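What follows is each chain in one-letter form.
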Amino acid sequence: MLRRAACRTISTASSGLYRGFSVPVALGAFTSVMALILWIVIRPDHAVSALSGGKDFTLGFFRAWFIYAVGGFVVFCLCVGALPISGRIILGSDDERPEHSTAAWLAMIFCAGIGAGALIYSVSEPLSHLTVNPSVIDGSMEANTVANASRALSYTYLHWGLSAWACYTVLGLAMAFFSYRHGMPLTIRSALGPALGKFYDGPIGDVIDVFSIFAIIVGIATTLGYGMGQLVYGVHSITQLPFFICEGERPDLIWQLVGLALVGVTATVSAMRGGIKWLSVLGAWLFLAVLVCFSLAGQSGDSLVRLGGSLWSYIGGLPINATRVSAPDGSELGQILATWQTDWTIFYWAWWIAFAPFVALFLARISRGRSLRSFVFGCMLAPVGVCVIWFAFVGGAALDVQLDPEATVDLQGVVASAQIYETIRAIARPGFATYWSAMFVALLTLLMITTLNAGILAINSIAAAGAETRSVPVHVLTWGFAVTTMIGSLIFAGGTDAVRNAMIVGALPFSFVIALSGICVALSLMMELRRRWHADRQGG
């Protein structure tokens with residue numbers, strides 16, 4: 001039975017290396033991660049095979065759960081935001097004011113949430129959907145046509161729209177609500193505080209926090225694992241040095257690992273110095289500059305028209321597309337639809353769920369003093385609007401190049417890491433493409449540093465029972481090393497496939513945590529409504 005949330009604490013060490021930290025969470029998570037790294041390094045084939053088997057099991061038994069859970073998160077957020085009382089309930093004391101300006105708050109939300117991922121898939125996803133998407137598979141739309149371009153963008157919005165941000169918002173709202181209004185530590189287990197009861201400060205609470213650390217690592221691994229290939233190819237595009245790529249025009253593995261190490265060191269140092277706010281603001285301005293370049297160089301009129309059509313298609317098809325489960329039914333059509341949904345929709349849902357612990361913790365930490373309504377709509381609608389505009393102009397520019405019969409490049413014929421740079425070459429004025437590519441590489445690097453920075457701080461905060469631990473550099477360094485090594489070992493052992501499989505497996509247990517956190521918030525809001533109703537009756 002759900003109990004009324006009360007002020008609770010988490011036991012931490014009073015002395016020694018782990019002073020101020022929850023030893024079972026900090027030591028347990030670190031030991032487990034290092035053991036997993038050793039397993040991957042010593043027996044890579046066995047590790048990759050086990051991850052593949054775990055992925056097959058997860059998709060075989062929990063495919064529908066991923067679809068329905070994320071759809072439920074969207075409905076939950078919209079309902080909470082629409083409640084009349086949500087504008088009067090403050091995440092903190094009733095007279096508290098937000099710490100950050102709205103502009104800085106939104107910049108930090110976007111850069112830590114999806115910033116780097118939006119660059120990685122800005123061109124490759126719309127181009128892929130132009131060829132294959134459910135409408136093409138079922139025969140209602142013809143591949144590689146102007147008519148299908150809007151549909152390709154609408155499926156891209158499906159994966160980067162409300163569903164993505166709902167995963168973060170549900171968990172972030174639960175943590176902020178129970179921490180700022182009920183006095184609990186700002187950590188993952190607090191999202192389930194009322195349900196845990198006396199088990200809050202115990203093994204069950206510790207396991208929840210350890211699972212959240214694993215989810216953070218595999219979520220970050222997905223972003224950096226896919227982003228490193230694009231970063232290395234970008235450096236090759238700028239310098240034209242041949243050793244950055246290998247056979248098949250693919251980014252060289254060694255240079256991906258070198259890039260990962262540099263990003264890891266920079267992110268760790270910036271995490272100790274507390275520079276995430278300024279990194280986020282700088283990233284937001286650079287993001288805007290790149291977007292302006294695409295809007296000016298591309299066919300902006302066509303992009304605006306396509307934006308309207310694709311957005312309407314996304315909104316109109318959201319109830320069906322967000323809840324449809326395409327499972328193999330023995331037919332060829334069913335198998336193709338199921339494969340597409342696995343490769344795209346379920347991959348994204350698992351990615352957002354794995355990303356949720358650290359993004360949600362970050363959202364909660366920077367949102368004290370805001371109302372429930374501003375938190376929900378600020379964390380969902382504003383970033384979604386930016387994503388829609390980004391894909392409409394950046395992805396739309398690539399679609400225009402691909403559909404142009406006079407184009408000198410076939411974007412679908414080059415590796416995914418190169419597509420964005422080939423798009424820039426195709427639409428930029430002579431001599432400007434190199435500078436534009438350099439700007440894109442700088443932005444991608446900055447956003448990956450911001451992502452890893454926020455992830456390291458979130459892991460330390462969870463291990464320290466919700467406290468900020470920037471003043472304990474040894475733990476920041478330790479987790480910076482562990483996270484970077486974990487990502488590097490996955491890339492080395494099995495490439496991006498191993499990263500993808502680890503992410504899907506790691507996201508499953510945490511999906512139940514997010515779902516239960518939403519239930520806790522819903523029941524607590526019902527209690528709050530009833531309390532205020534009785535107070536109004538007695539006052540009247």
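Here the structure is shown first, and the text comes after it.
Since we're looking at a predicted model, the values are computed, not measured. In every chain, residue numbers begin from 1 and rise along the written sequence. Selection of residues for local features in this predicted model requires a pLDDT of at least 70, selection of side-chain atom pairs for listing and counting requires 80 or more, and totals for whole chains, interfaces and linings are taken over all residues. No hydrogens and no water enter the side-chain calculation; it runs on all heavy atoms of the structure.

Enquirer: Talk me through the overall build of the protein chain; I want residue IDs and the actual numbers.
Expert: Across its full length, the protein chain carries 18 helices and two strands. Each residue gets one of three labels from its accessible area relative to the maximum for its type: buried under 20%, exposed over 50%, partly exposed in between, using a 1.4 Å probe on protein chains only. Buried residues in the protein chain amount to 58% of all 540 residues. In the protein chain, the proportion of contacts linking residues at least 24 apart, taken out of those at least 6 apart, comes to 82%. Exposure was quantified through the Shrake-Rupley algorithm and a 1.4 Å probe, taking into account, for residues, occlusion by the shown protein chains and nothing else. Just so you have it, the protein chain exposes about 21,100 Å², and 64% of that area is on carbon and sulfur atoms. Secondary structure counts use DSSP, requiring at least four H or I residues in a row for a helix and at least two E residues in a row for a strand, with both numbered from the N terminus. Residue contacts are defined here by distance: any two heavy atoms, one from each residue, within 4.5 Å place the two residues in contact.

Enquirer: Outline the environment of G395, listing residues and values.
Expert: Note that G395 resides in helix α15 (residues 372-403). Between the C-alpha atom of G395 and that of E125, which follows or precedes it by 270 residues, the distance is 8.0 Å. Apart from the residues within four sequence positions on either side, G395 is in contact with S122, P126 and W390.

Enquirer: Describe the pattern of salt bridges, with residues and values.
Expert: Each salt bridge in this description consists of a side-chain nitrogen of Lys or Arg and a carboxyl oxygen of Asp or Glu lying within 4 Å of one another. Inspection of every chain in the model, using the stated rule, returns six salt bridges. For D56, the salt bridge is made with K55, and the minimal N-O distance between the two is 3.3 Å. Judged by its relative accessible area of 43%, D56 is partly exposed. Residue D209 is joined to R189 by a salt bridge in which the shortest nitrogen-to-oxygen separation is 2.8 Å. Taken together, the positions of D209 in helix α10 (residues 203-239) and R189 in the loop between α8 (162-180) and α9 (193-196) put the pair 20 residues apart, joining distant regions of the chain. Of the residues examined, D209 reaches a relative accessible area of 0% and is grouped as buried.

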